[in-house]
Amino acid sequence: MDENDVSLSTATRSLLDEIGEMEKDALTELDGISSGQELEEFRTRYLGRKGLLTKVLRRLGELPQEERSAVGQRANALRRKLEEEITRRNQTLRREALARTLEREQLDVTLPGLPFRRGTLHPLTLALREIVDIFAGMGFSVFESREVETDEMNFVLLNIPPGHPARDMQATFYVNPEVVLRTQTSPGQIRGMRTYQGRLPVRFVVPGRVYRRDPADVSHHPVFHQIEGIAVDRDISFPNLVWVLEEFARRFFGPDTRFRLCPSYFPFTEPSAQMDVSCIICRGKGCSVCKYSGWLEVAGAGMVHPVVLRNGGYDPTEVTGFAFGMGLERLAMLKLGIDDIRLFYSCDTRFLRQFA
Ligand code: PHE
């Protein structure tokens, strides 16, 4: 059946004619389509519910009864053909798009992946964990005290009244005349002792940040860390302190570390001492780190002053105690061979990564 068949009615012939024209137009149009979106618009325009082909089918009713089905078949054949052509065009478009992407991106999936860099614990964290572990092994628990402290706790209750020359040893950040950033972990001795409420034995360490108004240089930093330790009981004596410090030094620095105690002065201990270890860098021969003495100071220590015991709620006629305070950075620098304290605070991952 075609539009030139003179046996057909004029209406049918003209409709067939339109279908033929539509087919030609559609196929030409399809050739020019270059995107998925255009293709969708094309589909709607021809095959949609209000599309051109649907309109043609609606007009079947105007044709003589016996000619309708043949025209309907012709229209449906065109629908199928257009659907196939659309699918084919769609595949071509996608293939072309892929080819363009591959051309542009040049991705070599056989290259090895980028290594995923894992974070590491800060060397001070590592050192502190080890130190706390050593003291825990000797029966010390951990007491965390506060960083913003009263002048009274940081000084007065530690036997350093206003105007005491020992205040000069610790350049202090004052928040206001009564409140300071703690210059030492020693106020933790009092706060810690008070939580024991007179019970014995008292045995704890206080790790934490301390603040001093010192300009930063190779061995000073306005923020650093200390680990305080205190033990109070009946019959605690100086040799107990010596044993604990010696045991700590051997465990932390190794069994061959030599150490010595020298007389020193702190208002809150009596007698007072300082512990030196043989310089880890030059092994005692003398170098710039130990200022050519062969020794490095790592801790202040002594027997807890009776005034401090009393301020902590203990009777100095019944109990005695020892205390010590160590600089965490100093200990970590010696153990890890780090020659500048500022590196700990530099946030330089090249430095930090080394201690994984
Ligand atoms: N608090 C002292 C300091 O910062 C160290 C210390 C602690 C000394 C405990 C004796 C006893 O220098």
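Our structure is the block above this text.
Residues numbered from 1 in each chain as written. Predicted model: local features only at pLDDT ≥ 70, side-chain atom pairs only at ≥ 80, totals over all residues. Heavy atoms only, no water.

Caption draft 1: Seen up close, the layout of surface pockets. For the largest pocket, the calculated volume is near 1,300 Å³. Lining of the largest pocket is provided by 50 residues; of these, S219, F224, E297, G327 and R330 occupy positions nearest its centre. Residue assignment for the lining of the largest pocket shows that the elements contributing at least two residues are β6 (223-233), β7 (259-266), β8 (269-278), β9 (295-304), β10 (320-327) and α10 (328-336). A total of 7 residues in the lining of the largest pocket trace back to one element, the largest contributor, which is β9. (1 Å grid on protein atoms, 1.4 Å probe; cavity = no way out; pocket = protein on both sides within 12 Å on 5 of 7 lines; lining within 4 Å. Points joined across faces, edges and corners; volume = space filled by probe spheres on them. Helix = DSSP H or I, 4+ residues; strand = E, 2+ residues; numbered from the N terminus.)

Caption draft 2: Structural view of the pattern of salt bridges. Within the structure shown, the criterion is met by 18 salt bridges. A salt bridge links E130 to K335; its shortest N-O distance comes to 2.6 Å. Here E130 is found in helix α5 (residues 123-137), whereas its partner K335 is found in helix α10, with 205 residues between them in sequence. Classification of E130 as partly exposed rests on a relative accessible area of 29%. Of the residues examined, K335 reaches a relative accessible area of 33% and is grouped as partly exposed. Each of E246, E247, R250 and R251 takes part in one network of salt bridges that share partners. (Salt bridge = Lys/Arg side-chain N within 4 Å of Asp/Glu carboxyl O. Buried < 20%, exposed > 50% of the residue type's maximum accessible area, 1.4 Å probe, protein only.)

Caption draft 3: Just the site of the ligand, in detail. Looking at the ligand, there are 15 residues lining it, with Q184, S186, R212, Q226 and E228 nearest. Contact between the ligand and Q184: a nitrogen atom at 2.8 Å from a side-chain N or O atom of the residue. Between R212 and the ligand, the recorded distance is 2.9 Å, taken from a side-chain N or O atom to an oxygen atom. Placement of the ligand is best described as lying within the largest pocket. For the shell around the ligand, the secondary-structure elements that each account for two or more residues are β6, β9 and β10. If you tally residues by element for the shell around the ligand, the top one is β10, at 3 residues. (Near = heavy atom within 4 Å. Polar contact = N/O pair within 3.5 Å; in protein donor to acceptor, adjacent residues only side chain to side chain. Sits in = over half its atoms within 2 Å of the grid points.)

Caption draft 4: Structural detail: α10. Turning to α10, its buried residues are L328, E329, L331, A332, M333 and L334. Immediately beyond the C-terminal end of α10, within one or two residues, lies G337, with a positive phi of roughly 70°.

Caption draft 5: Here's a closer look at unusual backbone geometry. In this model, L200 is joined to P201 through a cis peptide bond whose omega is -10°. Considering the arrangement of structural elements, one finds P201 in the loop between α7 (187-196) and β5 (202-211). Even without being a glycine, N159 presents a positive backbone phi close to 75°. Take N159: it is sitting in the loop between α6 (151-154) and β3 (174-176). Backbone geometry places Y292, a non-glycine residue, at a positive phi of 60°. Considering the arrangement of structural elements, one finds Y292 in the loop between β8 and β9.

Caption draft 6: Focus on the sheet that holds strand β2 (residues 148-150). Reading across the sheet, the 3 strands line up as β2-β4-β3 and stay open at both edges, with antiparallel pairing between neighbours. Looking at the sheet topology across the chains shown, the edges are occupied by β2 and β3. Here the average twist between neighbouring strands, direction ignored, is 35°. (Pairing = 2+ DSSP bridges. Axes fitted to C-alpha atoms, helices over the stretch in contact; angles between N-to-C directions.)

Caption draft 7: Structural detail: the packing of aromatic side chains. Within this structure, the stated rule accounts for 13 aromatic pairs. Relative to F324, the ring of F140 lies with its centre 6.3 Å away and its plane at 70°, an arrangement referred to as edge-to-face. In this pair, F140 sits in the loop between α5 and β1 (141-142) while F324 sits in strand β10, placing the two residues 184 residues apart along the sequence. For the ring pair F344 and F351, a centre distance of 6.1 Å and an interplane angle of 75° mean the geometry is edge-to-face. Relative accessible area serves as the criterion here: at 3%, F344 is assigned to the buried category. You can call F351 buried: its relative accessible area is 7%. Each residue in the set F135, F140, F248, F252, F253, F322 and F324 is aromatic and connected to the rest through ring pairs, giving one cluster. Directly above the aromatic system of F252 lies the positively charged group of K335, at a separation of 4.3 Å from the ring centroid. (Phe/Tyr/Trp six-rings, centres within 6.5 Å; stacked < 30°, edge-to-face > 60°. Lys NZ or Arg CZ within 6 Å of the ring centre and 35° of its normal.)

Caption draft 8: Inspection of the packing of helix α2 (residues 36-47) against helix α4 (residues 65-105) at higher detail. Where α2 meets α4, the closest approach of the two axes is 10 Å, and the angle between their N-to-C directions is 175°. By the criterion of interaxial angle, the relationship of α2 to α4 is roughly antiparallel. In this structure, α2 contributes G36, L39, F42, R43, Y46 and L47 to the contact, and α4 contributes R79, L82, E83, I86, R89, N90 and L93. Its residues assigned to classes, the contact of α2 with α4 comprises 7 nonpolar, 2 polar and 4 charged. (Parallel < 35°, antiparallel > 145°, perpendicular 65-115°, else oblique. Contact = heavy atoms within 4.5 Å. Nonpolar A, V, L, I, M, F, W, Y, C, P; charged D, E, K, R; others polar.)

Caption draft 9: The environment of L47, seen in detail. Structurally, L47 is set in helix α2. When neighbours within four sequence positions are excluded, L47 is seen to be in contact with L53, T54, R79, L82, E83 and I86.

Functional significance is not addressed by these values, which are geometric in nature.
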